[in-house]
Amino acid sequence: MNEPWWIDGIKSVVIVNLVLLTFAYMTLVERKVMARMQLRYGPNRAGPFGLLQPMADLVKLIRKESFFPANAVDTLYIAAPVVSAVTALTAFAVIPFGPGWEIFGYDVSGYVVNVPIALILLFALGSLGIYGFIIGGWASESKYSLLGSMRTCAQLVSYEVSLALSVLGVVIMSGSLSLVDIVDKQNETMWFFVPQFVGLITFFIAGIAETNRAPFDLPEAEQELVAGYHTEYSGMRFGLFQMAEYINMITLSALCVTLFFGGWHGWNDDVLGPLWFILKLLIILFVFIWMRATLPRLRYDQLMAFGWKILLPAATLNALLTALLVVAL
Amino acid sequence: MGNFLVWVVWVAAAFACLGSAVAVITFANPFYSALALVGNLGSLAVLYLLLSAEFVAAAQMLVYAGAVMVMFLFVIAYLGGRAETPWAGGPGWQAVAAVGAAGALLVEIVVAVGLKAGGRLSEEADVDAFFGGPHEIGRLFLTDHLLAFEITSIVLLIAAIGGVILGSNARSGPESTGGSPARAGGTRSPAPSISAAQPPEGEAAR
């Protein structure tokens, strides 16, 4: 492989910026789509069709005063959003987006890193991201923040189990934890959303809960908790938390595409691979927004009962059945 | 160059590991202690990575830093971080004994490792590309270490069942009848009637 280290650097910069751009425009798309679903117009003042709205929001967030609660624990209060944002951004490194190309005599692979434990690495980073939420809520020294972060923590820990178990079927079928291998295997056989349909459903539901989105957005239930763990945050610190949440959603959708929908494979994917990947990613993101606009929020006991009594057994049974079938066939 | 980088990372991780371990027992606030423990587990994971045990490193982050320590922080944040100075009132016999025990452990480990490994410590280990990967670890679990693996799984299963039993006993105890949200959702009839009946009684008593 003729791939010097600086190509990885370039790829990282491009991917991080693309993910940030997707995040910025997801906020706009989300508001627009939800507005249309509720028979409103949505933001349409900044630029044509409101296309400059994310830039306006960014400028507003940066110029806003960053409040600081008098009793807050300063170091942790400042570090918490950074932890969340960094872990969210790092996770994208292991997701493959193309077959690899030869550009100006250099081999450029279609991923930033290909580690044999990519899937576990993704989950490990996701679980580290929880610290940002807990620390942020605790360091704010506010009742609303603390309750919000407690809810986040309980919810994320509960649904992480189902999330990890739901991808076990995919891992068993492909015989690897590397996302590159999983995508290759799907190209050889079939896309895993057909044989792993139950896995896909449990993954998606657990994924919505993991990203704190409606109908599982109890950590941020406005009516009860103001805004959850980031109640005391403002300005760009709040922006970082918001960014982490959206990027977690994007990463999870990308993981969904990679595990169940053949990754970057599609028609003429030698050249168009990344475009196929982005197209599939956008469709999944749209479903996320659609769910938010359609479903009302669950009660807290419903959330916990659903996670432990329905989702977890379903994911476990799916993994067991897959293992039996793979051994038997 | 690569070797130098490994040394830099090793020194950083080793000192972070020691520093965070000391921080765990010296912080007055339990929340900070728990965070220092997370740092300790993280720097241990880096040391595992340097020993090309990627799977162990990732599992360490996922299980210990990700799941276990989150529960620690959860409980500490709920109970409220009450600061207790660990050295309040000067070093008592416990502190002295703790330092002595730690020293004994250190000597024991150094001696044990030194005796077992002998001169091999200065040689580089011969490690192939699959070492520490999921395939190799899975193979070892199901061949050489099958008994330990199965016993561990049974112990974990017992712990899980015990957790469920303890949780369900606590919920059906006499003092929490109709009080917990899980019950109110499941058996809808008694809980609302009790809560609806209480205010008029209070009114009458007043």
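Only a predicted model underlies this, so the values are computations on that prediction, with no experimental measurement involved.

Draft legend 1. Summary view of the overall build of chain A. For chain A, the count of helices and strands is 12 helices and 2 strands. For chain A, the N- to C-terminal ordering of α and β elements is α-α-α-β-β-α-α-α-α-α-α-α-α-α. Over its C-alpha trace chain A gives a radius of gyration of 20 Å, about what one expects of a compact globule, namely 20 Å for 329 residues. Taken over the C-alpha atoms alone, chain A extends approximately 60 × 50 × 45 Å along its principal axes. In chain A, which comprises 329 residues, the proportion classed as buried is 51%. Relative to all contacts within chain A whose residues are 6 or more apart in sequence, the contacts with residues 24 or more apart total 77%.

Draft legend 2. Examining the pattern of salt bridges more closely. Residue and element names in this part refer to chain A. This model, assessed by the stated rule, comprises 6 salt bridges over all chains. Put simply, Lys11 and Asp8 hold a salt bridge, and the shortest N to O gap is 3.7 Å. Of this pair, Lys11 and Asp8 both sit in helix 1 (residues 5-37), 3 residues apart, which is roughly one turn of that helix. With a relative accessible area of 8%, Lys11 lands in the buried category. Relative accessible area serves as the criterion here: at 26%, Asp8 is assigned to the partly exposed category. Between Arg213 and Glu30 there is a salt bridge, and its shortest N-O distance comes to 2.5 Å. Of the two residues, Arg213 is situated in the loop between helix 8 (197-210) and helix 9 (222-225) and Glu30 in helix 1; the sequence distance between them amounts to 183 residues. Glu30 shares its class with Arg213; the two are buried. Here the salt bridges do not stand alone but share partners, grouping Glu30, Arg213 and Arg292 into one network.

Draft legend 3. How the structure looks around helix 2 (residues 53-63) of chain A. All names here are of chain A. The set of residues buried in helix 2 consists of Gln53, Pro54 and Leu61. All buried residues of helix 2 fall inside an arc of 95° around its axis, so they share one side. Along helix 2, exposed side chains directed more than 90 degrees from the buried face belong to Ile62 and Arg63.

Draft legend 4. Region of interest: the packing of helix 1 of chain A against helix 11 (residues 269-294) of chain A. Residues and elements named next belong to chain A. In contact at an axis separation of 10 Å, helix 1 and helix 11 are set at 45° when each is read in the N-to-C sense. Relative to helix 11, the element helix 1 lies oblique. For the element pair helix 1 and helix 11, the recorded crossing hand is right-handed. On the side of helix 1, the interface is formed by Thr22, Met26, Val29, Glu30, Val33, Met34 and Met37, while helix 11 contributes Leu285, Phe286, Ile289, Trp290, Arg292 and Ala293. Of the residues that constitute the contact of helix 1 with helix 11, the class distribution is 10 nonpolar, 1 polar and 2 charged.

Draft legend 5. Looking closely at the packing of aromatic side chains. Residue and element names in this part refer to chain A. Going through the model one piece at a time under the given rule, you end up with 13 aromatic pairs over all chains. On the numbers, 5.0 Å between centres and 50° between planes, the contact of Phe204 with Phe288 is tilted. On the criterion of sequence distance, the pair formed by Phe204 in helix 8 and Phe288 in helix 11 is long-range, its members being 84 residues apart. For Phe204, a relative accessible area of 15% translates into the label buried.

Draft legend 6. Examining the nonpolar core more closely. Ranked by size, the top nonpolar core spans 99 residues in total, and within it A:Leu119, A:Leu179, A:Phe203, A:Leu259 and B:Phe31 carry the most contacts. Top element by residues in this core is helix 4 (residues 118-139) of chain A. It accounts for 15 residues. Excluding residues that lie within four positions of it along the chain, A:Leu259 makes contacts with A:Leu119, A:Val167, A:Val170, A:Leu179, A:Ile182, A:Gln186, A:Phe192 and A:Phe203.

Draft legend 7. Region of the structure containing the packing of helix 8 of chain A against helix 12 (residues 300-328) of chain A. Residues and elements named next belong to chain A. The contact between helix 8 and helix 12 brings their axes to 9 Å, and the two run at 145°. Here helix 8 and helix 12 pass one another in a crossing that is left-handed. Residues Val198, Gly199, Thr202, Ile205 and Ala206 of helix 8 pack against Phe306, Leu311, Ala314, Ala315 and Asn318 of helix 12. Of the residues belonging to the contact of helix 8 with helix 12, the class tally is 7 nonpolar, 3 polar and no charged.

Draft legend 8. Spotlight on the interface of chain B and chain A. The partner chain A presents 23 residues to the 26 residues of chain B that form the contact. Between chain B and chain A, the buried area comes to about 2100 Å², and carbon and sulfur atoms account for 80% of it. On inspection of chain B and its partner chain A, the count reaches 0 salt bridges. Run the count over chain B and chain A and you get 2 residue pairs in polar contact (both at pLDDT 80 or more). Residue assignment for the side of chain B that touches chain A shows that the elements contributing at least two residues are helix 2 (30-50), helix 3 (54-79), helix 5 (134-142) and helix 7 (181-186) of chain B. Considering each element in turn, the side of chain B that touches chain A owes the most residues, 15 residues, to helix 3 of chain B.

Draft legend 9. Inspection of a nonpolar patch on the surface at higher detail. Residues and elements named next belong to chain A. On the surface, Trp5, Trp6, Ile10, Val14, Leu18, Leu21, Ile103, Phe104 and Tyr106 cluster together into a nonpolar patch covering about 1000 Å² of accessible area. Considering each element in turn, the nonpolar patch owes the most residues, 6 residues, to helix 1. On the secondary structure map, Leu21 appears in helix 1.

Draft legend 10. View of the side chain of A:Gln53. Residue and element names in this part refer to chain A. Checked against the element boundaries, Gln53 lands in helix 2. Exposure remark for Gln53: the relative accessible area of 13% places this residue in the buried category. In contact with Gln53, not counting residues within four places along its chain, are Leu28, Arg31, Pro43 and Ala46.

Draft legend 11. Representation of unusual backbone geometry within the structure. Residues and elements named next belong to chain A. Phi is positive for Phe49, which is not a glycine, with a value near 55°. Note on placement: Phe49 falls in the loop between helix 1 and helix 2. Residue class for Phe49 comes out exposed when judged on its relative accessible area of 68%.

Draft legend 12. Region of interest: helix 8 of chain A. All names here are of chain A. Look at helix 8: 20 Å from first C-alpha to last across 14 residues, which is about the 20 Å you get at 1.5 Å a residue. For helix 8, the buried fraction is high: 10 of the 14 residues fall into the buried class. Looking at the buried side of helix 8, the elements it contacts are helix 5 (143-166), helix 10 (235-260), helix 11 and helix 12. Directly after helix 8, the chain includes Asn212, whose backbone phi takes a positive value near 55°.

What counts, and where the lines are drawn
Residues numbered from 1 in each chain as written. Chains lettered and ligands numbered in written order. Predicted model: local features only at pLDDT ≥ 70, side-chain atom pairs only at ≥ 80, totals over all residues. Heavy atoms only, no water. Helix = DSSP H or I, 4+ residues; strand = E, 2+ residues; numbered from the N terminus. Rg over C-alpha atoms; globule rule 2.2 N^0.38 Å. Buried < 20%, exposed > 50% of the residue type's maximum accessible area, 1.4 Å probe, protein only. Contact = heavy atoms within 4.5 Å. Salt bridge = Lys/Arg side-chain N within 4 Å of Asp/Glu carboxyl O. Arc of directions from axis to C-beta. Axes fitted to C-alpha atoms, helices over the stretch in contact; angles between N-to-C directions. Parallel < 35°, antiparallel > 145°, perpendicular 65-115°, else oblique. Left-handed = near helix turned anticlockwise from the far one by under 90°. Nonpolar A, V, L, I, M, F, W, Y, C, P; charged D, E, K, R; others polar. Phe/Tyr/Trp six-rings, centres within 6.5 Å; stacked < 30°, edge-to-face > 60°. Core = buried A, V, L, I, M, F, W, Y, C linked by side-chain atoms within 4.5 Å. Buried area = accessible area lost by both parts, 1.4 Å probe. Polar contact = N/O pair within 3.5 Å; in protein donor to acceptor, adjacent residues only side chain to side chain. Patch = residues over 30% accessible without salt bridge, like charges linked within 9 Å, V, L, I, M, F, W, Y side chains within 5 Å. Areas by Shrake-Rupley, 256 points an atom, 1.4 Å probe, with all protein chains shown as cover. Expected span 1.5 Å × (residues − 1).

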